[in-house]
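Take a look at the letters that make up each chain.
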Amino acid sequence: HKMFIIRSIVFFIASVLLGELDIKVGRNRMLSTMAATTCLFIFTGCTPRFDDGVKILQGKLDWGKGNYQNATADFLQAANNAKLRGDEFVYQYSVYGIGSTYLMQGENDAALSKFNLVYEDAPDQIKFAILYNSGIIAHRSGDYETAANFFRQSLFIDGTSTDAKINLELSLREESSHSNESAREIMPVSEN
């Protein structure tokens, strides 16, 4: 929170300074443009963590557009940079992004392996998403009991998630209907 407060103060001061510049034709316009460019350069030259955050944002935007190759590249770059710096927070978000991209591409085993890399030390928001997505993977593979357990665990973290509640209910229904079908198959046919 301190970082955002400091940045908001700096940007406020910059807006006042840049607002006082008189943009006119000629030499004043050139000075104004140079001052604005210098401020942009100063404010965008932030920490490596900020740069990796921008990479994660780019990966998320690519992921949302369905451009999974670029998203994977962005997340991998941020993860490698964070690992070199020892920044666990950025690393966890990056690896989660890689796993969710693999999930969207149908690479369920690769997604689970990425999720397992960061689960233990991850913030609750990432833990919830990992459990939820692991439930999706289990449900897709037909393991409804495991899917129900994942959705149940995710609800312990965020009990307000309607999607997790719905998916838990669907998994429980599939599990019970699947067990009823199995019981019908096992019963011997009686001869009359």
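For the structure itself, consult the block above.
Which residues make up helix α7 (residues 124–140), and what values go with them?
Taking 1.5 Å per residue, 17 residues should reach 24 Å; α7 reaches 24 Å between its end C-alpha atoms and fits that length. Counting buried residues along α7, 12 of its 17 residues qualify, which places the element largely inside the surrounding structure. For α7, the complete set of buried residues consists of I126, K127, F128, A129, I130, L131, Y132, N133, S134, G135, I137 and A138.

Go over the packing of aromatic side chains, please, and point to the residues and values.
Applying the stated criterion across every chain, the model contains 4 aromatic pairs. Taking the centre distance of 5.1 Å and the plane angle of 65° together, the rings of F89 and Y93 count as edge-to-face. Pair noted here: F89 and Y93 are both in helix α5 (residues 88–104), with a separation of 4 residues, about one helical turn. Ring geometry for Y132 versus F151: centroids 5.5 Å apart, planes at 65°, classification edge-to-face. With Y132 in helix α7 and F151 in helix α8 (residues 144–157), this pair connects stretches of sequence that are 19 residues apart.

Hey, could you go over the environment of K60 for me, with residue numbers and the actual values?
Within the fold, K60 resides in helix α3 (residues 48–65). For the pair formed by K60 and T72, sequence separation is 12 residues and the distance between their alpha carbons is 9.4 Å.

Procedures and definitions
- Residues numbered from 1 in each chain as written.
- Predicted model: local features only at pLDDT ≥ 70, side-chain atom pairs only at ≥ 80, totals over all residues.
- Heavy atoms only, no water.
- Helix = DSSP H or I, 4+ residues; strand = E, 2+ residues; numbered from the N terminus.
- Expected span 1.5 Å × (residues − 1).
- Buried < 20%, exposed > 50% of the residue type's maximum accessible area, 1.4 Å probe, protein only.
- Phe/Tyr/Trp six-rings, centres within 6.5 Å; stacked < 30°, edge-to-face > 60°.

Honestly, it's all geometry; don't read function into it.
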